[in-house]
Amino acid sequence: MIRAAICDDEIGTCSDIENMILNYAKRQALQIDTEVFYSGETLFWTIKNKDKYDLIFLDIQLVQLNGVQVGKQIREQLGNEKISIVYISAKETYAMSLFQVRPLDFLIKPVKQKNIDETLDKYIRLNHLMKNDFFFHTGKFIQRLYLDEISYFACNGKKIDIYTDGGITTFYGTMQEVERQVKGKGFWVIHKSYIVNSSYVSIYRYDAVQMTDGTILPISQRYRKPMKTCLAKLYGKG
């Protein structure tokens, strides 16, 4: 699922872009959820309060907090580089001033279906290349999580618990299956029951790691030497 936000102070423009996105989703058999905002302040406040969007279609000429300011605050104040920003404007002269925001695309009004299609194609292509996914079965369905959202995996009998910022997701599987998917992608096996995302480890000790949420997980004797090797490679120390 892709979560897209549309922000423009023109109601008609928001409606047109939303319909074009949903047309694309229908043709491509994708699930794209859309939400509309009519001011930069409301959009930024929503993102600041932890509502997550994958993609934003953002008008530059907003009344108070304009689109460039919103983009800079997302990147600099919130430190969010994950959200892809697509700028919309009636003027081409803004293009160079957007460099610091690192937008995915820049569309000139009036926006056409072809423009939306090409932008969404680009987003999906780059998303596939840049993000690593973890796939797992729940019943008859296959679900996906981005690896950079996963803190660690824990074995719970015949089930695997996936710990993320959003909570715990459980599926039936084995740690061997998990290891095959995450090998070489920044995850470390520290115990037969735990595989951790090294980006979420805040403290390393000989026999345990502490995760950024404060959870302490043991490093079993079998994995202490491999962990030491990983740390030596990471920090360039013997």
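Counting restarts for each chain, with residues numbered from 1 along the sequence as it is written. Only residues with pLDDT of 70 or above have their local features reported here, since the model is predicted, and side-chain atom pairs are shown and tallied only from 80 upward, although totals for entire chains, interfaces and linings are computed over all residues. Hydrogens and waters are ignored; side-chain quantities use all the structure's heavy atoms.

Asks: Any details on the overall build of the protein chain? Residues and values, ideally.
Replies: Where helices and strands are cited, they refer to DSSP runs of H or I of at least four residues and of E of at least two residues respectively, numbered from the N terminus. Helix and strand counts for the protein chain come out as six helices and 15 strands. Considering only C-alpha atoms, the protein chain reaches an extent of 65 × 45 × 25 Å along its principal axes. Going through the 238 residues of the protein chain one by one, you find that 40% of them count as buried. Restricting to contacts in the protein chain with at least 6 residues of sequence separation, those with at least 24 account for 48%. Counting every atom, the protein chain has about 13,900 Å² of accessible surface; 52% of that belongs to carbon and sulfur. Considering the protein chain, the positive charge centre built from 32 side chains and the negative charge centre built from 27 side chains are found 11 Å apart. Partly exposed describes any residue whose relative accessible area lies between the buried limit of under 20% and the exposed limit of over 50%, with all areas from a 1.4 Å probe on protein chains only and scaled to the type maximum. Residues are treated as being in contact if the distance between any of their heavy atoms lies within 4.5 Å. All accessible areas in this document rest on Shrake-Rupley with a 1.4 Å probe, and a residue is counted as covered only by the protein chains that are shown. For this count, His and the chain ends are skipped, Lys and Arg are scored as positive, and Asp and Glu as negative. Charge placement uses NZ in Lys and CZ in Arg. For Asp and Glu, CG and CD serve respectively.

Asks: Go over helix H2 (residues 40–48) with me, naming the residues and quoting the values.
Replies: The complete set of buried residues in H2 reads Gly 40, Leu 43, Phe 44, Thr 46 and Ile 47. One face of H2 carries all of its buried residues, which in axial projection span an arc of 160°. Contact partners of the buried residues in H2: strand E1 (2–7), strand E2 (32–37), strand E3 (55–59) and helix H3 (67–77). Positive backbone phi, approximately 80°, marks Lys 50, located one or two places after H2. Here, the arc refers to the directions that run from the helix axis to the C-beta atoms.

Asks: Give a description of the packing of aromatic side chains that names residues and reports values.
Replies: Stacked, tilted and edge-to-face pairs are distinguished by plane angle, under 30 degrees for stacked and over 60 for edge-to-face with tilted covering the rest, among Phe, Tyr and Trp rings (Trp via its six-membered ring) whose centres lie within 6.5 Å. Inspection of the entire model under this criterion finds eight aromatic pairs. Site record: aromatic cluster; members linked through ring pairs are Phe 134, Phe 136, Phe 153, Phe 171 and Phe 187.

Asks: Go over the pattern of salt bridges with me, naming the residues and quoting the values.
Replies: By convention in these notes, a salt bridge is any Lys or Arg side-chain nitrogen within 4 Å of a carboxyl oxygen on Asp or Glu. In total, this model carries eight salt bridges according to the counting rule given. Linking Lys 109 and Glu 10 is a salt bridge whose minimum nitrogen-to-oxygen distance equals 3.6 Å. Pair noted here: Lys 109 is in the loop between strand E5 (105–108) and helix H4 (113–130) and Glu 10 is in the loop between E1 and helix H1 (11–28), with a separation of 99 residues, a long-range link. Overall, the relative accessible area of 40% leaves Glu 10 in the partly exposed class. A salt bridge links Glu 81 to Arg 102, with the nearest nitrogen and oxygen atoms 2.6 Å apart.

In short, shape yes, function no, at least from these values alone.
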